[in-house]
Amino acid sequence: MFDEALRMEDIHLAYRDLVGAMFSKPRMLGYFRGVEMDPQKELISNVNLSVKRGETICIGGPSGQGKSALLRIIAGLTRPTRGNIYYFGEFIPPEKLTALEVAKRQVGMVFQNGALISNLRVRDNIGLPLRYHKMGSPAEIDEKINMAMDLMRVRDEADMFPHMLSVGMQKRVAIARSWAMDPKLLLMDEPTAGLDNYNRRNLLPLIDNMRTLFKTTIIIVTHDLMISKELDCNICFLHRKTLTDPKPFEYWLNTDSEISRELFRDLRNSG
Amino acid sequence: MRVTARRNWQKFTLPAKAFHLLGLFLLRRTFGQQIALFCRAIASIFSRNRSLKTDSRNIIMQTFFTGVEVFPVLFVVATLFGAITIIEAMSMMGRMGFSDFVGSMIVIVTIRDLGPILTAFLIAGRSGSSLTTYIGSMVINYEVDALATMGVNPIRFLVMPSLIGGCIAMLIMNIFFSASAICAGFLVTKSAIYLAGITGVSADMTNIQLTWSYLSTEILNAIDLSDFIFIIVKPLVFGAIITTNACYQALNIQRDVRQVPKAVSRSVIKSFLYVVVADMVISTFYFVDYMKNLKQLI
């Protein structure tokens, strides 16, 4: 129980709730709405997942299965239609489950497109949450920003605007921004999508460093199955609306299930 | 969990249930949600994350963003509008035999009513629309979501500075509007009379006795305390309406780029509507005031 970073019990998500939190509307409105019980209208149904502290887990599967939606549920951006979520053993009731509340539990998220604030320089992008939460004196914050930029090797681009950077660099800045907040649980949405092989090979050791040095729990949503092999972590699949048990890469490669036949055929053939 | 909440709701007593239903009814409407957004923005001023330096910088930047760029257009509009009012007042009132009321006419039209409304329209058209586009594209690019996952409250970070900055800019711009409508409007009228005189359009035009001392005395006689109160209250109310509406429409966009232009047009049009309605509500004060005076006379 205490070494648990995240536990999801019986999560359901209807298509109607996919839009997510609208900051224009009071959050209680969705709470008092009728519950959708029709399984036909559900994108995700009956998902159970338990992640230990310091563990890295990959969520795979073909696109359009709701992997990113699952990650948005964990980050609190989308409220599940039904189900309970425990962060570090602490239950957050659904009426309080918002992204701000989840972020207080030191959960960070890296978006697929980086989602950097486009009118701030890289340095200020990384410093924004630190300054907002007043995490230390200005000198400490500057030091932290520099550390984060060094870790993700974006120090040379410190005074650039996000639109001047390539996609890979934006992603690295986004990871640096999440890291600077000292997350205990880091959610990554497609960290390697749109990266060439060279950048991808550079990025994976950085994730690995973070995992070993800072004992961060990482959940990676990806369709790049080789990540799980290279990071040596368990992988589970979102298949037919539910999540399979996490298993190592070799298990999926060798077993004879529907998922393995669909997704691992090319990998098997290439050896 | 959702089920227990519904069960709790069924356990409510009758007045509580009625209150609950009334609240839900209001909050499901756009208007109720906008008022809720306004209240959350005001409440977020006092949140734990406040820091005077960052907040004041954001607010000052927002004030400049709202006010400064609209100023040239506003100055021209105000000057010509003031000139038109002065010319109309001089010509119409004299013909109808109400020459003593020239000052009140100018005060009522420029300072009291149309000044704040025209300023609000200009600011809604220029700053409200750009605010909606700015926040709307942040919503589309998941930047607002990213802010929320970092624990930065978007309402505090985006809505609150624009709300306060918008109110301050609106107040300053309204004072500028009234001042330039009267002062620059007077100069334009004077030069129009002069030009008409020398070009021979109408030689009698030079006979119009329009002097600054006459105009200013008339205006100062006509103005009273309620005007000074309303010149502060009206712009604050209008500024709050415009910025809250703009931010609401922007945050209400549902991940679709085509919704951004729609939200912008909704923001501007609804701001116009709400401003006129609010002006109507505020203006009933004068009506009540008039009725009171009437009773005393009788």
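Residues numbered from 1 in each chain as written. Chains lettered and ligands numbered in written order. Predicted model: local features only at pLDDT ≥ 70, side-chain atom pairs only at ≥ 80, totals over all residues.

1. Quick look at the overall build of chain B
Helix and strand counts for chain B come out as 11 helices and 0 strands. Taken along its principal axes, the extent of the C-alpha atoms in chain B is 85 × 50 × 35 Å. Taking all 298 residues of chain B together, the buried fraction comes to 37%. Of the contacts formed within chain B by residues at least 6 apart in sequence, a portion of 83% connects residues at least 24 apart. (Helix = DSSP H or I, 4+ residues; strand = E, 2+ residues; numbered from the N terminus. Buried ≥ 20, exposed ≤ 12 C-beta atoms within 10 Å, placed from the backbone. Contact = placed C-beta atoms within 7 Å.)

2. As for the sheet that holds strand E7 (residues 185–189) of chain A
All names here are of chain A. As summarised here, the arrangement of the 6 strands in space is E6-E7-E8-E3-E9-E10, forming an open sheet in which the pairing is mixed. The sheet is open, and its two edges are formed by strand E6 (107–110) and strand E10 (242–243), each paired on a single side. Pairing geometry for strand E9 (residues 234–239) and E10, over 2 bridges, is antiparallel. Paired with His239 across the two strands is Thr242, which belongs to E10. Together, strand E3 (56–60), E6, E7, strand E8 (217–221) and E9 form the strand contacts of helix H2 (residues 67–75), whose direction differs from that of E7 by roughly 155 degrees. (Pairing = 2+ DSSP bridges. Axes fitted to C-alpha atoms, helices over the stretch in contact; angles between N-to-C directions.)

3. Quick look at unusual backbone geometry
Phi at Asp10(A) is positive, roughly 55 degrees, even though this residue is not glycine. Even without being glycine, Tyr142(B) reaches a positive phi, approximately 65 degrees.

4. Quick look at the domain arrangement of chain A
All names here are of chain A. Examined at the domain level, chain A breaks down into domain 1 (4–106 + 183–270) and domain 2 (113–182). On a C-alpha basis, the centroid separation for the pair domain 1 and domain 2 is 24 Å. Listed by partner, the interface residues are 10 residues for domain 1 and 9 residues for domain 2. In terms of residue count, helix H7 (residues 197–214) provides more of the side of domain 1 that touches domain 2 than any other element does, 4 residues in total. Counted by class, the side of domain 1 that touches domain 2 contains 7 nonpolar, 3 polar and no charged residues. (Domains from an automatic or database assignment. Nonpolar A, V, L, I, M, F, W, Y, C, P; charged D, E, K, R; others polar.)

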